[in-house]
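Chain by chain, the residues run as shown.
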Amino acid sequence: MSGKDLRTRLKQRIPENLLGLLPRAFDVIGSKEKAVAILELPEELKDYERTISEILMEVHKNVKTVLAKASGRYGTYRIRELRLIAGEEDTEVIHREAGCLFKLDPMKVYFSPREATERARIAELVKPRESVLVMFSGVCPLPIVIAKKQPDVRIVAVEINTDAHNYCVQNLFLNKLYGRIQPVLGDVKDVCPSLGEKFDRVLMPLPKGAADYLGVAISCLRDGGTLHFYHWAHEKDLFSEAEGLIKAAAERMKGRAEILDRVRVLPYGPRVWKVRVDAKICFNGLSTNLD
Ligand SMILES: C[S@@+](CC[C@H](N)C(=O)[O-])C[C@H]1O[C@@H](n2cnc3c(N)ncnc32)[C@H](O)[C@@H]1O
């Protein structure tokens, strides 16, 4: 969401020299009825954060709560500390994206509205009647966007955060997808081997740490299946490390990785990007992929 309107309205309310420090954009999670805005304000604007938030809620009537980022993402659940600046304490919302509904509380679970384009790109890649394993599935945005785009697919979604898993279950009902997506609560290291199933496609949307799970992911792929691996990388060399990790893991599993695509997903920090590398994994040199 643009910060331009906000800057115009704040002209008389905060010192002129600080206007340039206002964020150019901020995340809004929710719907036309109720949304939460998440701001990242520099220290210099701290004294004005309440004013900024109140004006923001005036300009964007659907925003009922304004939160400040109070930490980076941390821990297994990849959530962050969010501090209430203004508005309602109840931060549970229903986010709308591409005809899908995602109920969630950003205080309790990972969710990024900025990844909508990436979700749509992935959904385009999935083919009819495929079986798809989505590791690290959160509140299930990826499985839901895929299932809405491609009605014949079977999807298993594995998530360790109980809050995220519970929202996923609710979201499957909200999107009338219960039965088509199987949500499983647990650590992918324990859950995936116990599924006893080989998938056409495995997604690994955990840029921090997915490398540790490459062996499990590859063991869940059928011969010739596709792996989507997410990683962070410096802009001076975006893909070499990810490709090396995939190839080494495939070799450890007595397989071979053929790189299919390299995608710059989103900027993550100064000169650091979230990237995706797609690879076809073959175990005997004879691919069973019928593409
Ligand atoms: C970066 S978030 C992505 C969530 C979701 N795919 C999305 O796009 O909104 C990674 C998710 O993986 C989950 N996670 C981390 N380690 C896990 C593990 N070992 N097994 C299952 N889920 C895990 C976290 O709780 C978090 O919800």
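Just so you know, these numbers come straight off a predicted model, no measurement behind them.

**Q** Could you give an account of the site of the ligand, with specific residues and numbers?
**A** The immediate surroundings of the ligand are formed by 18 residues, with T76, F136, E159, D187 and V188 found nearest. In the environment of the ligand, an oxygen atom lies 2.6 Å from a nitrogen or oxygen atom belonging to the side chain of E159. With the chains in place, 97% of the 590 Å² that the ligand exposes on its own is no longer accessible. Split into classes, the residues belonging to the shell around the ligand amount to nine nonpolar, five polar and four charged.

**Q** An account of the pattern of salt bridges is requested, with residue identities and associated values reported.
**A** Counted according to the given criterion, the structure contains 20 salt bridges. The residue R271 makes a salt bridge to E235 at a minimum N-O spacing of 2.6 Å. Here R271, found in the loop between strand 12 (256–269) and strand 13 (272–282), pairs with E235, found in the loop between strand 11 (221–234) and helix 9 (240–252); they are 36 residues apart in sequence, far enough to count as distant. Judged by relative accessible area, which is 51%, R271 ranks as exposed.

**Q** Please provide a residue-by-residue account of the pairing of strand 10 (residues 199–204), values included.
**A** In terms of residue burial, strand 10 counts as a mostly covered element, since six of its six residues are buried. Pairing geometry for strand 7 (residues 131–135) and strand 10, over three bridges, is parallel. Following the sheet pairing, V132 is matched in strand 10 by R201. Here five bridges tie strand 10 to strand 11, and the two strands are oriented parallel to one another. Across the sheet, the residue bridging to R201 is T226, located in strand 11. Read as a crossover between parallel neighbours, the route from strand 10 over helix 8 (residues 214–219) to strand 11 is right-handed.

**Q** Give a detailed account of the sheet that holds strand 10, specifying residues and quantitative values.
**A** The mixed open sheet is built from seven strands, whose spatial order is 9-8-7-10-11-13-12. The sheet is open, and its two edges are formed by strand 9 (181–185) and strand 12, each paired on a single side. Sheet twist, expressed as the mean angle between neighbouring strand axes with direction ignored, is 15°. The sheet strands contacting helix 5 (residues 141–149) are strand 7, strand 8 (154–159), strand 9 and strand 10, and the helix crosses strand 8 at an angle near 170°.

**Q** Could you give me a rundown of the state of the cysteines, with the residues and numbers involved?
**A** Scanning the model with the defined rule gives one disulfide in all. A disulfide bridge connects C140 with C168, and the sulfur atoms are separated by 2.3 Å. Torsion about the S-S bond of the C140 and C168 cystine: about -65°, corresponding to left-handed handedness. Of this pair, C140 sits in the loop between strand 7 and helix 5 while C168 sits in helix 6 (residues 162–174); the two residues are 28 residues apart in sequence, bridging distant segments of the chain. In this structure, C140 and C168 share a single accessibility class: buried. A disulfide-free cysteine, C100 has its sulfur positioned 11 Å from the sulfur of C140, the nearest such atom. Looking at C100, the relative accessible area reads 2%, which means it is buried. A disulfide-free cysteine, C282 has its sulfur positioned 17 Å from the sulfur of C220, the nearest such atom.

**Q** Pulling in residues and values, what's your account of the nonpolar core?
**A** Core analysis: the biggest nonpolar cluster contains 37 residues, and L133, M135, V202, M204, L227, I246 and I281 have the highest contact counts within it. The element that contributes the greatest number of residues to this core is strand 13, accounting for five residues. If you look at the next biggest cluster of nonpolar residues, it comprises 36 residues, including V36, L67, V145 and I181.

**Q** Tell me what's going on with the packing of helix 4 (residues 116–125) against helix 5, and back it up with residues and numbers.
**A** Here helix 4 crosses helix 5 at 45°, and the two axes come no closer than 9 Å. Taken together, the axes of helix 4 and helix 5 are oblique relative to one another. As helix 4 packs across helix 5, the resulting crossing turns out to be right-handed. Contact with helix 4, carried on its side by R119, A120, I122, A123 and E124, involves P141, L142, V145, I146 and K149 of helix 5 and no other residues of that element. Of the residues belonging to the contact of helix 4 with helix 5, the class tally is seven nonpolar, no polar and three charged.

Procedures and definitions
Residues numbered from 1 in each chain as written. Predicted model: local features only at pLDDT ≥ 70, side-chain atom pairs only at ≥ 80, totals over all residues. Heavy atoms only, no water. Near = heavy atom within 4 Å. Polar contact = N/O pair within 3.5 Å; in protein donor to acceptor, adjacent residues only side chain to side chain. Areas by Shrake-Rupley, 256 points an atom, 1.4 Å probe, with all protein chains shown as cover. Nonpolar A, V, L, I, M, F, W, Y, C, P; charged D, E, K, R; others polar. Salt bridge = Lys/Arg side-chain N within 4 Å of Asp/Glu carboxyl O. Helix = DSSP H or I, 4+ residues; strand = E, 2+ residues; numbered from the N terminus. Buried < 20%, exposed > 50% of the residue type's maximum accessible area, 1.4 Å probe, protein only. Pairing = 2+ DSSP bridges. Right-handed = clockwise from strand over helix to strand, strands pointing away. Axes fitted to C-alpha atoms, helices over the stretch in contact; angles between N-to-C directions. Contact = heavy atoms within 4.5 Å. Disulfide = S-S within 2.5 Å. Core = buried A, V, L, I, M, F, W, Y, C linked by side-chain atoms within 4.5 Å. Parallel < 35°, antiparallel > 145°, perpendicular 65-115°, else oblique. Left-handed = near helix turned anticlockwise from the far one by under 90°.

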